[in-house]
Amino acid sequence: METKLLAVDYPVLNIFWTMLELFLWILWFFLLFKIITDIFRSHDLSGWGKAGWLVLVIVLPLIGVLAYLIARGQSMGRRDVEQAQRSEDAFRAYIRDAAGSAPGGVGATGVGTATGPGAGRSHVDDLAKLADLRDRGAISDEEYQKAKEKLLV
């Protein structure tokens, strides 16, 4: 009985080629699903426009995907950025609500509400406002750190 090595029948170059094909297929499916979700997420397309793009992408995938990327690629990126911004805003609003609605007026940091001139505000609100000012570029990182230290002392 003679044993045969499988590596002899499948050279190294063929292994690399097969791996490249596999990765390209995975990339293709990611791109296809990204485009399909963008079609449904787009508010500037009518129902017929969405149906037309979907049919084009499914029936003629290569031409449909390339045409979609050429025609709507820039707006696709803008919608991604807007979606990320909405998610970030919703997350910040949730954090503010959760910190403000803690029992006994204690914020998420375990620190009670301020007793100074802004007695109705908590440290969490002040920190959120400082972070917002820093994000908008109204104050520098140095100023932000100094103001944060004053609040937390």
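Residues numbered from 1 in each chain as written. Predicted model: local features only at pLDDT ≥ 70, side-chain atom pairs only at ≥ 80, totals over all residues. Heavy atoms only, no water.

Asker: So what exactly am I meant to see when it comes to the pattern of salt bridges here?
Answerer: A side chain of one charge can pair with a side chain of the opposite charge if their charged atoms are brought near each other. This model, assessed by the stated rule, comprises 10 salt bridges. For arginine 92, the salt bridge identified is with aspartate 135, shortest N-O distance 3.0 Å. Placement of arginine 92 in helix H4 (residues 61-100) and of aspartate 135 in helix H5 (residues 123-136) is noted, with a sequence separation of 43 residues between them. Take aspartate 135: its relative accessible area is 44%, and that puts it in the partly exposed class. Overlapping salt bridges bring together Lys34, Asp38, Arg41, Asp44, Arg72, Arg79 and Asp80 as one network. (Salt bridge = Lys/Arg side-chain N within 4 Å of Asp/Glu carboxyl O. Helix = DSSP H or I, 4+ residues; strand = E, 2+ residues; numbered from the N terminus. Buried < 20%, exposed > 50% of the residue type's maximum accessible area, 1.4 Å probe, protein only.)

Asker: I would appreciate a short explanation of the nonpolar core in the present structure.
Answerer: One recurring pattern in soluble globular proteins: nonpolar side chains tend to sit buried together. One finds Leu32, Ile35, Ile36, Ile39, Leu45, Trp53, Leu54, Val57, Val65, Tyr68 and Met76 forming the largest nonpolar core, which totals 11 residues. Mapped onto this core, the elements with two or more residues apiece are helix H2 (12-41), helix H3 (47-59) and H4. Beyond its immediate chain neighbours, meaning those up to four positions away, isoleucine 36 contacts Leu54 and Val57. Formed by five residues, the second largest nonpolar core is a distinct cluster that contains Leu127, Leu130, Tyr144 and Leu151. (Core = buried A, V, L, I, M, F, W, Y, C linked by side-chain atoms within 4.5 Å. Contact = heavy atoms within 4.5 Å.)

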